[in-house]
Structures are given as C-alpha cells and as structure tokens.
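# Residue-level structural notes
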Amino acid sequence: MLKLAILLLFAAMLISLLAAAGFLVSDGSRSQRVLTSLTWRVCIAVVLLTLLLYGFYSGQLPD
C-alpha cells in the first residue's frame, strides 16, 4: 500500500511539472498558473519525502 502511494505521488509530481511547463509555454511568464502548479509540485515532493522516510524507518521499504 505504501509503495502504491509513493508511486502515485511521484506520478502526480511529474504531472504537475509537465503542467507548469505547458502553462509557461502557452501563457508566458506572467501566468499565475505556473506558480500555482510549481507550488503544488513542491508540496507533493514534501509529502513524498515524508512517506519515503517513514517507509525506511518503519522497515516497509527495503534499504
């Protein structure tokens, strides 16, 4: 279950990064959507890192 959550968060992070790149190309550098998308990516990365650390310390993920 933990591995699935990590995989889904990683996919969500990549989708957010691709969305930000798409917004940057289509809207230009003045777009607020780029900033919002990158903010989501950072938040997802923090949750992903937390899950990875939890998985290693609890022994659910191998070394």
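Residues numbered from 1 in each chain as written. Predicted model: local features only at pLDDT ≥ 70, side-chain atom pairs only at ≥ 80, totals over all residues. Heavy atoms only, no water.

## So, helix H1 (residues 2-27)
- Taking 1.5 Å of rise per residue, 26 residues should cover 38 Å, and H1 covers 37 Å from first to last C-alpha, within 8% of that figure.
- Those residues of H1 lying buried are Leu-2, Ile-6, Leu-9, Met-13, Ser-16 and Ala-20.
- Close packing links the buried residues of H1 with helix H2 (32-58).
- Gly-28 sits one or two residues past H1 and shows a positive phi near 90°. (Helix = DSSP H or I, 4+ residues; strand = E, 2+ residues; numbered from the N terminus. Expected span 1.5 Å × (residues − 1). Buried < 20%, exposed > 50% of the residue type's maximum accessible area, 1.4 Å probe, protein only. Contact = heavy atoms within 4.5 Å.)

## Considerations on the nonpolar core
- With seven residues, the main nonpolar core is built from Leu-2, Ile-6, Leu-9, Met-13, Ile-44, Leu-48 and Leu-61.
- Those elements giving two or more residues to this core turn out to be H1 and H2.
- At four residues, the largest contribution of residues to this core is made by H1.
- When near neighbours in sequence (up to four residues on either side) are disregarded, Leu-9 contacts Ile-44, Val-47, Leu-48 and Leu-51. (Core = buried A, V, L, I, M, F, W, Y, C linked by side-chain atoms within 4.5 Å.)

## Some thoughts on H2
- For H2, which comprises 27 residues, the first-to-last C-alpha distance of 39 Å matches the rise-based estimate of 39 Å (1.5 Å per residue) to within 8%.
- Of the residues making up H2, those classed as buried are Val-34, Ser-37, Ile-44, Leu-48 and Gly-55.
- The secondary structure elements touched by the buried residues of H2 are H1.

## A short note on the pattern of salt bridges
- One pass over the structure, following the stated rule, counts one salt bridge.
- Of the charged contacts, one joins Arg-33 and Asp-27 as a salt bridge, the two residues approaching to 2.6 Å between their closest N and O atoms. (Salt bridge = Lys/Arg side-chain N within 4 Å of Asp/Glu carboxyl O.)

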